[in-house]
Amino acid sequence: MNYVAKLIENIYRTKGDLSYLGEGVSQIEHAWQCGQLAKKNSASSELQLAAWLHDIGHLLSKEVDTPTLKGHDDRHERIGSQFLKNLFPEAVFVPIALHVEAKRYLISTDAGYLEKLSPDSVRSLTLQGGPLSIEECQNFLSKPFAMDAIALRRWDDQAKDSECSLLSKEEVLSEFNDLMVSCS
Ligand SMILES: [Fe+2]
Ligand SMILES: [Fe+2]
């Protein structure tokens, strides 16, 4: 296993069992479910890895518990993408950087999207800036990897299934490591 994969594995090993912001799944369950949805949809290895790692910023943030309940945006998309910037290609860290903006885009352009959001995602929406304006939507779509960020965001919203059976943590980490090595 290479150094980067080991470093990230250790983050999930030590903090992966943290609750995913009161959503009924842990951070590692959310990451795994999101990665599985990317895989089922035949995403590239880089986008599968982005799906896995999209919320690593929550694990790197100093904010604990559920920041949105205290009216804080932990800016996890920025923290996560900055951390990953020197470790993986753009196709991994840019969709992660854009996954919150993708949510704001979908709120503005998909009439049924709001009702698909979890309570915490609704709570964080205002803190993250709310819906994008028409001009901001056009600007978002012009960015590289915007469509990947939208796909990631839709998997993200589905990856909170507390009934979904998880492989053992070791099996999950092993699958995760293989993907990281293939992308680094
Ligand atoms: Fe997120
Ligand atoms: Fe997420």
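Summarised in this report is the structure supplied together with it. Here the structure is a predicted model, which is why all the values come from computation and not from measurement.

## Notes on the coordination of the iron ion (ligand 1)
At step 1: Protein ligation of the iron ion (ligand 1) involves D55 (OD), H76 (NE2) and H99 (NE2), the donor distances falling in the range 2.1 to 2.2 Å.
At step 2: Each donor residue of the iron ion (ligand 1) lies on one chain, and together they are spaced D-x20-H-x22-H.
At step 3: Between the iron ion (ligand 1) and the iron ion (ligand 2) the interatomic distance amounts to 3.7 Å, and D55 serves as a bridging ligand to the pair. Separated by 21 residues along the polypeptide, D55 in the loop between α3 (45–53) and α4 (56–60) and H76 in helix α5 (residues 76–84) bring together distant segments of the chain. By the burial criterion, D55 is buried, and H76 matches it.

## Describing unusual backbone geometry
At step 1: You will see that S42, though not glycine, has its phi angle at about 55 degrees, which is positive.
At step 2: Non-glycine residue F145 carries a positive phi angle of around 70 degrees.
At step 3: Positionally, F145 belongs in the loop between α8 (134–141) and α9 (146–158).

## What about the packing of helix α2 (residues 27–40) against α9?
The packing of two helices is summarised by the inter-axis angle and the distance between the axes.
At step 1: At a minimum axis separation of 9 Å, α2 and α9 run at an interaxial angle of 130 degrees. Here α2 lies oblique to α9, going by the angle between them. In this structure, α2 meets α9 at a crossing whose hand is right-handed. Contacts from H30, Q33, C34, L37 and A38 in α2 reach L152, W155, D156 and Q158 in α9.
At step 2: Of the residues assigned to the contact of α2 with α9, the class counts are five nonpolar, three polar and one charged.

Rules used throughout
Residues numbered from 1 in each chain as written. Chains lettered and ligands numbered in written order. Predicted model: local features only at pLDDT ≥ 70, side-chain atom pairs only at ≥ 80, totals over all residues. Heavy atoms only, no water. Donors = N, O, S within 2.8 Å, 3.2 Å for Na, K, Ca; no water. Helix = DSSP H or I, 4+ residues; strand = E, 2+ residues; numbered from the N terminus. Buried < 20%, exposed > 50% of the residue type's maximum accessible area, 1.4 Å probe, protein only. Axes fitted to C-alpha atoms, helices over the stretch in contact; angles between N-to-C directions. Parallel < 35°, antiparallel > 145°, perpendicular 65-115°, else oblique. Left-handed = near helix turned anticlockwise from the far one by under 90°. Contact = heavy atoms within 4.5 Å. Nonpolar A, V, L, I, M, F, W, Y, C, P; charged D, E, K, R; others polar.

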